[in-house]
Amino acid sequence: MFTIRSAKRISQLYPWNCALTAGKVRRPFKHEFNPNYCFKWTATSSAGVKLHPESKEKLASRLVNSAPAQIQPYLKLMRLDRPVGSWLLYWPVSWGIASAASPGCIPDLYLLTLCGLGAVVMRGAGCTINDMWDRDIDAKVKRTKDRPLVNGDVSLQKAVVFLAAQLSVGLAVLLQLNWYSIELGASSLALVIVYPLMKRFTYWPQFVLGLAFNWGALLGYSAVTGSIDPTICLPLYFSGVCWTIIYDTIYAHQDRLDDLSIGIKSTAIKFNEDTKLWLGGFSVLMISSLIASGIMNAQMWPYYVATGAISAHLAQQIATLNINNAKDCSRKFISNSWIGFILFCGIALGRYLKDNSKNVKIETKAAPIHLMHE
């Protein structure tokens, strides 16, 4: 039973300044949050109170922060505490693998796993290269001033050694693929290296990032088939480039004011107040390219349902975007990982539901004609 004594005990444990009336605890109209406790109490009226759980660190950040102190800076250097970038790099390669799946079959799970490892490692290598180029710039930007190469947790020499280790692992992953894919994958390294420099010379560094980040759409397809089909792969690749311009422009708006003050260029600065108009245009290009790729790949209805869902997501994202709110930009940026997932599901289901009997009939009819010419 809740008694006066209980109320007194609670008032001693929790600094609410509770008023005791008729054996009940009357919560004050407003109470400031005490960070020493697990919950935040806010009252909307004398009759009610809302309970809000204290925000928790993301799982990835908690895992990185719980790692041994000597390796934490390296985990942060490769952004393992912020895995959304690895997902954004991984989804295009998964699209390529799923697009190349045989009708009636699911995508190759071994290749999906192998390329997932490659995405994590190469995204980490890309972040290391970026931070090596930008360490002087990062020191002047509020959001990046605590990166390991800026605050001194990792020296430039150690970063070079760490980069070499990451590239070695990436090469080991790449060598598991066919020779066409090995050559194709190696050719993307130039884009990874030059991307961080682009913000110094052009307002379109996001375009170069798109070329690098979506190279996997070509690589994934060739890993399955041994080559690429330009009619399927190029529209898919171009749609990914447009997608990257969309989400990385949103991301760049977090640093727009800092970038302006130090002379760094980005599509966020170029588009400025017309950002929504530009992003809407790139969304149209993205969806049009996805439809073209789907048609050329004879995709089934799940693919087009996924494309419609992506259209709705982009429309809602752009309509509600507040380019002057860094937290909103961060949330919108992170939500783009769902776009990659939805498209992967659409491609995989479309290929799985496709009946390959028609293809078999065409091949059996064509065989006698081929023999006659011999």
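Residues numbered from 1 in each chain as written. Predicted model: local features only at pLDDT ≥ 70, side-chain atom pairs only at ≥ 80, totals over all residues. Heavy atoms only, no water.

**Here's the deal with the overall build of the protein chain**
Thought 1: Counting its secondary structure elements, the protein chain contains 18 helices and four strands.
Thought 2: Across the 374 residues that make up the protein chain, the buried fraction comes to 44%.
Thought 3: Counting only contacts in the protein chain whose residues sit at least 6 apart along the sequence, the fraction spanning at least 24 positions is 66%.
Thought 4: For the protein chain, the exposed surface amounts to about 20,100 Å²; the carbon and sulfur share of it is 63%. (Helix = DSSP H or I, 4+ residues; strand = E, 2+ residues; numbered from the N terminus. Buried < 20%, exposed > 50% of the residue type's maximum accessible area, 1.4 Å probe, protein only. Contact = heavy atoms within 4.5 Å. Areas by Shrake-Rupley, 256 points an atom, 1.4 Å probe, with all protein chains shown as cover.)

**Quick word on the side chain of glutamine 72**
Thought 1: By secondary structure assignment, the location of glutamine 72 is in helix α3 (residues 72-77).
Thought 2: Residue classification places glutamine 72 among the buried positions, given a relative accessible area of 17%.
Thought 3: A distance of 2.9 Å separates a polar atom in the side chain of glutamine 72 from the backbone oxygen of asparagine 65.
Thought 4: Every residue in contact with glutamine 72, bar those within four places of it in the chain, is listed here: Val64, Asn65, Ser66 and Ala67. (Polar contact = N/O pair within 3.5 Å; in protein donor to acceptor, adjacent residues only side chain to side chain.)

**Observations concerning the environment of phenylalanine 271**
Thought 1: Topologically, phenylalanine 271 is positioned in helix α14 (residues 267-271).
Thought 2: According to the relative accessible area criterion, phenylalanine 271 is buried, its value standing at 2%.
Thought 3: For the pair phenylalanine 271 and threonine 249, spaced 22 residues apart in sequence, the C-alpha separation works out to 8.7 Å.
Thought 4: Contacts of phenylalanine 271, omitting those with residues within four sequence positions, involve Trp204, Thr249, Trp278 and Phe282.

**Here we look at the environment of glycine 263**
Thought 1: With respect to the helices and strands, the residue glycine 263 is situated in the loop between α13 (256-262) and α14.
Thought 2: In this structure glycine 263 comes out as partly exposed when scored by relative accessible area, which is 47%.
Thought 3: Along the sequence, glycine 263 and isoleucine 137 sit 126 residues apart, while their C-alpha atoms lie 9.8 Å from each other.

**With respect to the UniProt feature "transmembrane region" (unreviewed entry) in the protein chain**
Thought 1: With numbering matched to this structure, UniProt assigns "transmembrane region" (unreviewed entry) to residues 154-173, 204-224, 275-295 and 333-353.
Thought 2: The straight-line gap between the two end C-alpha atoms of residues 154-173 is 26 Å; of that span, 90% is helix and 0% is strand.
Thought 3: End-to-end, the C-alpha atoms of residues 333-353 are 32 Å apart, and along that stretch the chain is 95% helix and 0% strand. (UniProt positions renumbered as here; feature names shortened; annotations may be inferred.)

**Considerations on empty space enclosed by the protein**
Thought 1: By the definition in use, this model includes two cavities of 30 Å³ or more.
Thought 2: The space that makes up the second largest cavity amounts to roughly 40 Å³.
Thought 3: Along the walls of the second largest cavity sit Ser99, Ile232, Leu236, Ser293, Gly294, Asn297, Gln299, Tyr303 and Ile347, which together make up its complete lining.
Thought 4: When contributions to the lining of the second largest cavity are tallied by element, the ones reaching two or more residues are α12 (230-252) and α15 (275-296).
Thought 5: By residue class, the composition of the lining of the second largest cavity is four nonpolar, five polar and no charged. (1 Å grid on protein atoms, 1.4 Å probe; cavity = no way out; pocket = protein on both sides within 12 Å on 5 of 7 lines; lining within 4 Å. Points joined across faces, edges and corners; volume = space filled by probe spheres on them. Nonpolar A, V, L, I, M, F, W, Y, C, P; charged D, E, K, R; others polar.)

**Topic: unusual backbone geometry**
Thought 1: In the Ramachandran plot, arginine 79 falls in the positive-phi region, its phi being about 65 degrees despite a non-glycine side chain.
Thought 2: For arginine 79, the position within the fold is in the loop between α3 and α4 (84-99).
Thought 3: The exposure class assigned to arginine 79 is buried, which follows from its relative accessible area of 8%.
Thought 4: For alanine 298, which is not glycine, the phi torsion reads 55 degrees and is therefore positive.

**Considering the pattern of salt bridges**
As a working rule, side chains carrying opposite charge can pair if their charged atoms are close by.
Thought 1: Inspection of every chain in the model, using the stated rule, returns eight salt bridges.
Thought 2: Ionic pairing is found between arginine 147 and aspartate 131, a salt bridge with its closest N-O pair at 3.4 Å. A residue pair is termed long-range when its members are at least 10 positions apart, and arginine 147 in the loop between α5 (109-138) and α6 (148-151) and aspartate 131 in helix α5 qualify at 16 residues.
Thought 3: Put simply, aspartate 138 and arginine 147 hold a salt bridge, and the shortest N to O gap is 3.5 Å.
Thought 4: Several salt bridges share partner residues, and in doing so they unite Arg79, Asp131, Asp138 and Arg147 into one network. (Salt bridge = Lys/Arg side-chain N within 4 Å of Asp/Glu carboxyl O.)

**Observations concerning the nonpolar core**
Thought 1: Core analysis: the largest hydrophobic core is formed by 62 residues, its most contacted members being Trp95, Met286, Leu290 and Ile310.
Thought 2: Of all hydrophobic cores here, the second largest spans 10 residues; its members include Leu77, Ile129, Ala159 and Leu163. (Core = buried A, V, L, I, M, F, W, Y, C linked by side-chain atoms within 4.5 Å.)

**A few points about the packing of aromatic side chains**
Thought 1: The tally for this structure, following the rule as stated, stands at 19 aromatic pairs.
Thought 2: Ring plane angle 70 degrees and centroid distance 6.2 Å describe the contact between tryptophan 204 and phenylalanine 282, whose orientation is recorded as edge-to-face. In this pair, tryptophan 204 sits in the loop between α9 (189-198) and α10 (205-213) while phenylalanine 282 sits in helix α15, placing the two residues 78 residues apart along the sequence.
Thought 3: According to the relative accessible area criterion, tryptophan 204 is partly exposed, its value standing at 25%.
Thought 4: With relative accessibility at 12%, the residue phenylalanine 282 sits in the buried group.
Thought 5: An aromatic cluster is defined as three or more aromatic residues linked by ring pairs; in this entry it consists of Trp87, Tyr90, Trp91, Trp338, Phe341 and Phe344.
Thought 6: Between lysine 199 and the ring centre of tyrosine 195, over which it is positioned, the NZ or CZ distance is 5.5 Å. (Phe/Tyr/Trp six-rings, centres within 6.5 Å; stacked < 30°, edge-to-face > 60°. Lys NZ or Arg CZ within 6 Å of the ring centre and 35° of its normal.)

**With respect to the packing of helix α8 (residues 179-186) against helix α11 (residues 215-225)**
Thought 1: Relative orientation of the contacting elements α8 and α11 amounts to 170 degrees, with a least axis distance of 9 Å. It follows from the interaxial angle that α8 and α11 lie roughly antiparallel. Across the interface between the two elements, Tyr180, Ser181, Leu184 and Gly185 from α8 touch Trp215, Leu218, Leu219, Ser222 and Ala223 from α11.
Thought 2: Considered class by class, the residues forming the contact of α8 with α11 number six nonpolar, three polar and no charged. (Axes fitted to C-alpha atoms, helices over the stretch in contact; angles between N-to-C directions. Parallel < 35°, antiparallel > 145°, perpendicular 65-115°, else oblique.)

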